[in-house]
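# Structural characterization, general
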Amino acid sequence: NGWVPLFSTVNSNSNTVSVKTRQLGYFAIVAHNAPRAYNDVFSTSAFVGYIGNLTRSGVISGQGGSFNGTAPTSRAELMKMAIRAEGYSVPAFVTSSPCPDVSPNEWFAPYFKVALEKGIITGYSDGTCKPFNHVTRAEAMKMILGPDAQSYTGSVTFSDYATIPSWARSYIAYGANNGIVGGYS
């Protein structure tokens, strides 16, 4: 159908919608009031607005009516969210394995194919992608920020800075200096 859901921010005070995308073309804004999407996300949650925006834009979908926000996130799950949030076109299926440990029959194989093509991930030194591993904070920053943050030269003063892998330091610094992440106190 050619339509790709994009993550958007709605500002009801100024009646504006902001969208970040790397796509060119025509865009349409469709608004609807949906019933509560998840049985474990309540209106009192500090994250209800973010969860609602991500759900409406097709970035997240939950499982079995639950959001399950305290569960660890796998690399495959975050990869799907990152690819959808960026608005990249994803094939319905792939015919070959994007990584030795990702079967072309897995639901996440097309997302890993796109992520490797776009430079969002490079895989591990042994060529694997480890889709079932829980994603680390460092890996999450790389997936979310994409290749553009790789050359960031800013610095950050986290107490655990020495434990941050060297490949991830530019992503962590970019995320911290742009209000995307914060350190532990």
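The structure we're discussing is the one just above.
Overview of the structure. (Residues numbered from 1 in each chain as written. Predicted model: local features only at pLDDT ≥ 70, side-chain atom pairs only at ≥ 80, totals over all residues. Heavy atoms only, no water.)

## Some details on the state of the cysteines
Per the stated rule, a full pass over the model turns up 1 disulfide. Residue pairing for Cys 99: its cysteine sulfur links by disulfide to Cys 129, the two sulfurs lying 1.8 Å apart. Placement of Cys 99 in the loop between helix H2 (75–86) and helix H3 (109–118) and of Cys 129 in the loop between H3 and helix H4 (137–145) is noted, with a sequence separation of 30 residues between them. Each member of the pair, Cys 99 as well as Cys 129, carries the same accessibility label: buried. (Disulfide = S-S within 2.5 Å. Helix = DSSP H or I, 4+ residues; strand = E, 2+ residues; numbered from the N terminus. Buried < 20%, exposed > 50% of the residue type's maximum accessible area, 1.4 Å probe, protein only.)

## Here's the deal with the packing of H2 against H3
Their axes nearest at 9 Å, the elements H2 and H3 cross at an angle of 65°. The chirality of how H2 crosses H3 is left-handed. Every residue of H3 that contacts H2 at Arg 75, Ala 76, Met 79, Lys 80, Ile 83 and Arg 84 is listed here: Tyr 111, Phe 112, Val 114 and Ala 115. In terms of residue class, the contact of H2 with H3 is made up of 7 nonpolar, no polar and 3 charged. (Axes fitted to C-alpha atoms, helices over the stretch in contact; angles between N-to-C directions. Left-handed = near helix turned anticlockwise from the far one by under 90°. Contact = heavy atoms within 4.5 Å. Nonpolar A, V, L, I, M, F, W, Y, C, P; charged D, E, K, R; others polar.)

## Structural notes on unusual backbone geometry
Of note, Asn 68 is a non-glycine position whose phi angle comes to about 55°, a positive value. Backbone geometry places Lys 130, a non-glycine residue, at a positive phi of 50°. Tracing the backbone shows Lys 130 in the loop between H3 and H4. Using a relative accessible area of 28% as the deciding quantity, one classes Lys 130 as partly exposed.

## Some details on the pattern of salt bridges
Considering all chains together, one arrives at 3 salt bridges under this definition. The salt bridge partner of Glu 139 is Arg 75, with a shortest N-O separation of 3.3 Å. Here Glu 139 is found in helix H4, whereas its partner Arg 75 is found in helix H2, with 64 residues between them in sequence. An identical accessibility class is assigned to Glu 139 and Arg 75; each is buried. (Salt bridge = Lys/Arg side-chain N within 4 Å of Asp/Glu carboxyl O.)

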